[in-house]
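As a plain string of letters, each chain reads:
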Amino acid sequence: MADTKVFRGAQLATFASAGAPYGLVENGAIAVSAGVIRWVGPKAELPVQFDTAEVEDLGGRLVTPGLIDCHTHVVYGGDRAQEFEMRLNGASYEDIARAGGGIISTVKATRDASVDDLVQSALPRVDAMIAEGVCSIEVKSGYGLAPEPELNMLRAARRIAELRPIHIETTYLGAHATPPEFQGRDANYISDVVIPTLRTAFDEGLVDCVDGFCEGIAFQPDQIARVFEAAKTLGLPVKLHAEQLSNLGGAKLAASYGALSADHIEYLDEEGVVAMAQAGTTAVILPGAYYTLRETQKPPIQTLRDHNTPMALATDCNPGSSPLTSLLLTMNMGCTLFRMTPEEALAGVTCNAARALGLTDRGTLAVGQRADLAVWNVARPAELAYRIGFNPLHKRIYGGQA
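Source: prediction; values computed, not measured.

## Re the sheet that holds strand S7 (residues 134-140)
Inference 1: A sheet is described by the order of its strands in space; here eight strands give the open sequence S6-S7-S8-S9-S10-S11-S12-S13, paired in parallel fashion. The open sheet terminates on both sides in strands that have one partner only, identified here as strand S6 (67-69) and strand S13 (311-313). The mean inter-strand angle of the sheet, taken between neighbouring strand axes irrespective of direction, is 25 degrees.
Inference 2: With three bridges joining them, strand S11 (residues 261-264) and strand S12 (residues 282-285) adopt parallel strand pairing. Looking at S12, one finds that Ala 262 is bridged to Ala 283.

## Focus on the domain arrangement of the chain
Inference 1: Assigned domains of the chain: these are domain 1 (4-65 + 364-397) and domain 2 (67-357).
Inference 2: In this structure, domain 1 and domain 2 have C-alpha centres spaced 31 Å apart.
Inference 3: Taken together, the contact between domain 1 and domain 2 spans 23 residues of the former and 22 residues of the latter.
Inference 4: With both chains or domains summed, domain 1 and domain 2 bury close to 1,700 Å², and 67% of this area falls on carbon and sulfur atoms.
Inference 5: The largest share of the area that domain 1 buries against domain 2 comes from Phe 15, Ala 385 and Arg 396, three residues that together contribute 37% of it.
Inference 6: Seen at the junction of domain 1 and domain 2, the total is zero salt bridges.
Inference 7: Mapped by element, the contributors of at least two residues to the side of domain 1 that touches domain 2 are strand S5 (62-65), strand S14 (373-376), helix H15 (383-386) and strand S15 (393-397).
Inference 8: A breakdown of the residues in the side of domain 1 that touches domain 2 according to their chemical character gives 17 nonpolar, three polar and three charged.

## Notes on the side chain of Arg 125
Inference 1: By the element assignment, Arg 125 lies in helix H4 (residues 115-130).
Inference 2: Lacking a salt bridge, the buried Arg 125 has Asp 79 as its closest oppositely charged neighbour, with an N-O distance of 7.8 Å.
Inference 3: Setting aside its immediate chain neighbours within four residues, Arg 125 contacts Val 74, Tyr 76, Cys 317 and Thr 325.

## Digging into the state of the cysteines
Inference 1: All told, the structure shown has zero disulfides when counted by the stated rule.
Inference 2: Of all cysteine sulfurs in the structure, the one in Cys 70 sits closest to Cys 135, which takes part in no disulfide; the separation is 15 Å.
Inference 3: Under the relative-accessibility criterion, Cys 135 is labelled buried at 1%.
Inference 4: Cysteine Cys 209 remains unbridged, with the sulfur of Cys 70 as its closest cysteine sulfur at 11 Å.

## A word on the environment of Thr 292
Inference 1: Inspection of the secondary structure assignment puts Thr 292 in helix H10 (residues 287-292).
Inference 2: The spatial distance from the C-alpha of Thr 292 to the C-alpha of Gly 320 is 8.7 Å, given a sequence separation of 28 residues.
Inference 3: Of the polar contacts made by the side chain of Thr 292, one reaches the backbone oxygen of Ser 321; its length is 3.2 Å.

## Overview of the nonpolar core
Inference 1: Within the largest apolar cluster, 93 residues are counted, with the highest numbers of intra-cluster contacts made by Val 75, Ile 160, Ile 285, Leu 346 and Trp 376.
Inference 2: Ranked by the residues each element gives to this core, the list is headed by H4, at eight residues.
Inference 3: Domain assignment of the residues forming this core places at least three in each of domain 1 (4-65 + 364-397) and domain 2 (67-357).
Inference 4: The residues contacting Trp 376, other than those within four sequence positions of it, are Arg 61, Leu 62, Thr 64, Leu 67, Glu 132, Leu 328, Leu 384, Asn 391, Pro 392, Leu 393 and His 394.
Inference 5: Listed in part, the 15 residues of the second largest apolar core include Phe 7, Ala 10, Leu 365 and Ala 371.

## Overview of helix H7 (residues 221-233)
Inference 1: Under the 1.5 Å per step criterion, the end-to-end length of H7 is 18 Å for 13 residues, consistent within 8% with the ideal 18 Å.
Inference 2: Of all the positions in H7, only Gln 223, Ile 224, Ala 225, Val 227, Phe 228, Ala 230 and Ala 231 are classed as buried.
Inference 3: Check the buried side of H7 and you find it contacts strand S8 (167-175), helix H6 (186-203), strand S9 (209-214), strand S10 (239-242) and helix H8 (250-256).
Inference 4: Where H7 ends, the next residue or the one after it, Gly 235, has phi of about 75 degrees, a positive value.

## Regarding the packing of aromatic side chains
Inference 1: One pass over the full model with this rule turns up six aromatic pairs.
Inference 2: On the basis of an interplanar angle of 75 degrees and a centroid distance of 4.9 Å, the ring pair of Tyr 290 and Phe 338 is categorised as edge-to-face. Remark: Phe 338 occurs in helix H12 (residues 327-338) and Tyr 290 occurs in helix H10; sequence separation between them is 48 residues.
Inference 3: When its relative accessible area of 5% is taken as the criterion, Phe 338 is described as buried.
Inference 4: One aromatic cluster in this structure is built from Phe 182, Tyr 189 and Phe 219.
Inference 5: In this structure, Arg 125 is placed above the aromatic ring of Tyr 76, and the distance from its NZ or CZ to the ring centre is 3.9 Å.
Inference 6: Lying over the aromatic face of Tyr 398, Arg 370 brings its terminal NZ or CZ to 4.7 Å of the ring centre.

## Considerations on the environment of Phe 50
Inference 1: With respect to the helices and strands, Phe 50 occurs in the loop between strand S3 (36-42) and strand S4 (54-57).
Inference 2: Given the relative accessible area of 4%, Phe 50 is considered buried.
Inference 3: Each C-alpha atom of the pair Phe 50 and Trp 39 lies 9.3 Å from the other, and the pair is 11 residues apart in sequence.

## Observations regarding the UniProt feature "binding site: 4-imidazolone-5-propanoate" (unreviewed entry) in the chain
Inference 1: Per the UniProt annotation, the sites labelled "binding site: 4-imidazolone-5-propanoate" (unreviewed entry) are Arg 80, Tyr 143, His 176, Gln 244 and Ser 321.
Inference 2: Tracing the backbone shows Ser 321 in the loop between S13 and H12.
Inference 3: Discounting chain neighbours no more than four positions away, the residues touching Ser 321 are Gly 288, Ala 289, Thr 292, Leu 293 and Asp 316.

Conventions and cut-offs
Residues numbered from 1 in each chain as written. Predicted model: local features only at pLDDT ≥ 70, side-chain atom pairs only at ≥ 80, totals over all residues. Heavy atoms only, no water. Pairing = 2+ DSSP bridges. Helix = DSSP H or I, 4+ residues; strand = E, 2+ residues; numbered from the N terminus. Axes fitted to C-alpha atoms, helices over the stretch in contact; angles between N-to-C directions. Domains from an automatic or database assignment. Contact = heavy atoms within 4.5 Å. Buried area = accessible area lost by both parts, 1.4 Å probe. Salt bridge = Lys/Arg side-chain N within 4 Å of Asp/Glu carboxyl O. Nonpolar A, V, L, I, M, F, W, Y, C, P; charged D, E, K, R; others polar. Buried < 20%, exposed > 50% of the residue type's maximum accessible area, 1.4 Å probe, protein only. Lys, Arg positive; Asp, Glu negative; His and termini not counted. Disulfide = S-S within 2.5 Å. Polar contact = N/O pair within 3.5 Å; in protein donor to acceptor, adjacent residues only side chain to side chain. Core = buried A, V, L, I, M, F, W, Y, C linked by side-chain atoms within 4.5 Å. Expected span 1.5 Å × (residues − 1). Phe/Tyr/Trp six-rings, centres within 6.5 Å; stacked < 30°, edge-to-face > 60°. Lys NZ or Arg CZ within 6 Å of the ring centre and 35° of its normal. UniProt positions renumbered as here; feature names shortened; annotations may be inferred.

Following this line, the structure appears as structure tokens:
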């Protein structure tokens, strides 16, 4: 089996084997060929058909599915470090806005950037994620807020996948905020910009999913519903920024459209949780924004558990509310800030993150899955969420290639 490689002598956090926490297989082996997992299980049970395959002994290291960051805004222009400093020196949000800060500063910088500029500024952030074992990243638009800049963000995201060994899922987030030129005319912005640009992005093959921001400072549920209806006519799945700052019933709306995920959800109530559970909508937890904004309202983790609602974790990498590129730190924050368990945290960046993106071919170690693997220098899976600011990655295997 010249084209097959067997990785053996490892602990396998499969999230596919029933019974053991993490789906853990001790002293396991994984057979890979053509970028796909062909066999996984205890090394002692490796079938004889793999006896002639190339073998790599992993020395007892932990193997997990390649990590998945299922909510990012990693493509954008400029940065917001200056207003971060201004805030810490006592400036109010009004002071910052008058100085040209806030999301509008990112919109201006993004509009001024070419596709090449956007790619080059995003690559260091993507490289930091790859260095922590990330194999798949979701990338949203939403800082252009005009047709061509929104399309350029999606074009940049597609380009990144050509330049780096990483899978990119693109999400159109035209309904992120109302730009200055449409101030006070949210409905017109949806009609004149968001929906037509979505159709153009679809025609150009630039969009995998559609998102919106349902919040008092953004868009109301009826406005988001118009965007979701447009997505539905194009056969595109949806997801939603919901219940981050208040409860407008966004998660329930998202669930009514069979959304892949509802994200942030700090103010989610039990009715919304039930709707998500019934629709199979994943809860995406974003501790980076909670931390950066110094919020106090925590997402309803126990209620999500009680209703068996899958929970994913993501960086929410963005220039304003979550300038975070470390999915490992995100796991620790999910545990420390929200009392998620280390097993929930690791599931949140593997199998449940895959669910949040509608990706059925990754996120677990199982036969037929993509051979996206992360090999770690740790003794037990809990170490991945336990350590702070420490990267124990031994190697990342993307599509069977190290």
